[in-house]
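# Working through the structure, step by step
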Amino acid sequence: MRHFLTLKDYSKEEILEIIDLGLRIKADLKKGIHKEYMPKKTLAMIFEKSSTRTRVSFETGIYQLGGQGLFLSSRDIHLGRGEPVKDTARVISSMCDMVMIRTFAQGMLEEFAEYSDVPVINGLTDSFHPVQLLADYMTMIEHGHAENPVVAYVGDGNNMTHSWLLLAAKLGFELRVATPKGYGPDAAVVAQAEAIAEESGAVIRIGNDPEAAIAGATVVTTDTWASMGQEGEKEERIRAFQGYIVDDAKMALAAEDAIFLHCLPAYRGQEVSESVLEGPQSVVFDEAENRLHAQKGLMVWLDRQR
Ligand code: CP
Ligand code: NVA
């Protein structure tokens, strides 16, 4: 049995296999073919943070696979009022076939997985957002941008940055990260990615110059400057991130056919301009839709490992 907690635990071949499975299930769906890969299986979805895409894609995905999703807000289950993670994990995994968790600490997810009898999927933590990267890479494949990409990530060194670092390291492509000083990615994750990159041939660059990062890039991406849980720092962050907006002037430095990705939700006028988000290079709504397809691939793949 496998869990999906971070991309670090997955090989390049496994990541590509999951995305390929998602693409095949997507192609069938578009032709009106519904194969029930997971009949009568249940996916428990524990949310300790808000969500639009993650909830809708997982709940729709498990239903389309022949199963049923259970939306469990931590406010509604006893976890939110002190029932231990290890007890919750044993109870839920004794009844459900898979669990998706969106929470704060990666450690909570790891503890849950340790006590769970069924696969646990990371639906976002403060540290990582690996399911988003499956959808992002699927979108790069579909738009013809998966061959030797040069990806520029501009903005906050957060859970998305960490996941991009691991994806680049595993798949062996070039990733340039540009954040304001003091807002860079976690040094331990950078070290982890650099160690993996030594074997895969990935090129990882960490810096503070957004223009230099974007120059010639084939994929440009960013994320909110204040992640969930950082609402109190919003004003201070907006000040610190001045100059880091991905706007038309910055996009003009990228490769002519570069695409723009954003996991969403986006804050127009902060990390990205309205013109870039709604412009011809933006593929953010294909990317959002691919959450459904990539995660269906992931759920079927994990189910087959059991
Ligand atoms: N990108 C993403 O995970 O969106 P939600 O927060 O809406 O789930
Ligand atoms: N970095 C953002 C991603 C939202 C999908 C957050 O954690 O809030």
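Higher on the page you've got the structure.
Report on the accompanying structure.

What counts, and where the lines are drawn
- Residues numbered from 1 in each chain as written.
- Chains lettered and ligands numbered in written order.
- Predicted model: local features only at pLDDT ≥ 70, side-chain atom pairs only at ≥ 80, totals over all residues.
- Heavy atoms only, no water.
- 1 Å grid on protein atoms, 1.4 Å probe; cavity = no way out; pocket = protein on both sides within 12 Å on 5 of 7 lines; lining within 4 Å.
- Points joined across faces, edges and corners; volume = space filled by probe spheres on them.
- Nonpolar A, V, L, I, M, F, W, Y, C, P; charged D, E, K, R; others polar.
- Near = heavy atom within 4 Å.
- Polar contact = N/O pair within 3.5 Å; in protein donor to acceptor, adjacent residues only side chain to side chain.
- Areas by Shrake-Rupley, 256 points an atom, 1.4 Å probe, with all protein chains shown as cover.
- Phe/Tyr/Trp six-rings, centres within 6.5 Å; stacked < 30°, edge-to-face > 60°.
- Helix = DSSP H or I, 4+ residues; strand = E, 2+ residues; numbered from the N terminus.

Right, let's talk about the layout of surface pockets for a bit. A volume near 390 Å³ is recorded for the largest pocket. If you trace the largest pocket, you find 23 residues lining it, with Thr224, Met228, Leu264, Pro265 and Tyr267 closest to the centre. When the residues that make up the lining of the largest pocket are grouped by side-chain class, the tally is eight nonpolar, nine polar and six charged. Considering only enclosed or pocket space, the second largest pocket measures out at about 210 Å³ in volume. What lines the second largest pocket is a set of 16 residues, and nearest its centre among them are Asp126, Asp156, Gly157, Asn158 and Gln230. Here the lining of the second largest pocket is composed, by residue class, of three nonpolar, eight polar and five charged.

Time to look at the site of ligand 1. Residues in close proximity to ligand 1 include Ser51, Thr52, Arg53, Thr54, Arg102, His129, Gln132, Cys263, Leu264 and Arg291, which together make up its full environment. Within the side chain of Arg53, a nitrogen or oxygen atom sits 2.8 Å from an oxygen atom of ligand 1. His129 has a polar side-chain atom sitting 2.8 Å from an oxygen atom of ligand 1. A total of 260 Å² of accessible area belongs to ligand 1 in isolation, and the protein chains cover 95% of it.

Right, let's talk about the packing of aromatic side chains for a bit. In the structure shown here, the tally under the stated rule is eight aromatic pairs. A ring pair is formed by Tyr137 and Phe173, whose centres lie 6.4 Å apart and whose planes are at 5°; its orientation type is stacked. Residue Tyr137 is found in helix H5 (residues 130-142), and its partner Phe173 is found in the loop between helix H6 (159-171) and strand E6 (174-178); the two are separated by 36 residues along the sequence. Centre to centre, the rings of Trp225 and Phe241 are 5.3 Å apart; their planes meet at 20°, and the pair counts as stacked. With Trp225 in the loop between strand E8 (219-222) and helix H9 (234-240) and Phe241 in the loop between H9 and helix H10 (248-251), the pair connects residues that are 16 residues apart, well separated along the chain. Among the aromatic side chains, those forming a connected cluster through ring pairs are Tyr183, Trp225, Phe241 and Tyr244.

What follows is about empty space enclosed by the protein. Under the counting rule described, the total for this entry stands at one cavity of 30 Å³ or more. As a volume, the largest cavity reaches approximately 60 Å³. Along the walls of the largest cavity sit Ile25, Asp28, Leu29, Ile33, His34, Lys35, Tyr37, Gln64, Leu65 and Lys296, which together make up its complete lining. Among the elements that take part in the lining of the largest cavity, helix H1 (residues 12-30) stands out by supplying three residues, more than any other.

Take the site of ligand 2 next. The immediate surroundings of ligand 2 are formed by Leu124, Asn158, Asn159, Asp223, Thr224, Ser227, Met228, Cys263 and Leu264. In this structure, a nitrogen atom belonging to ligand 2 sits 2.6 Å away from a side-chain N or O atom of Asp223. Contact between ligand 2 and Met228: an oxygen atom at 2.8 Å from a main-chain N or O atom of the residue. Summarising the interface, the protein chains cover 94% of the accessible area of ligand 2, which totals 270 Å² for the free molecule.

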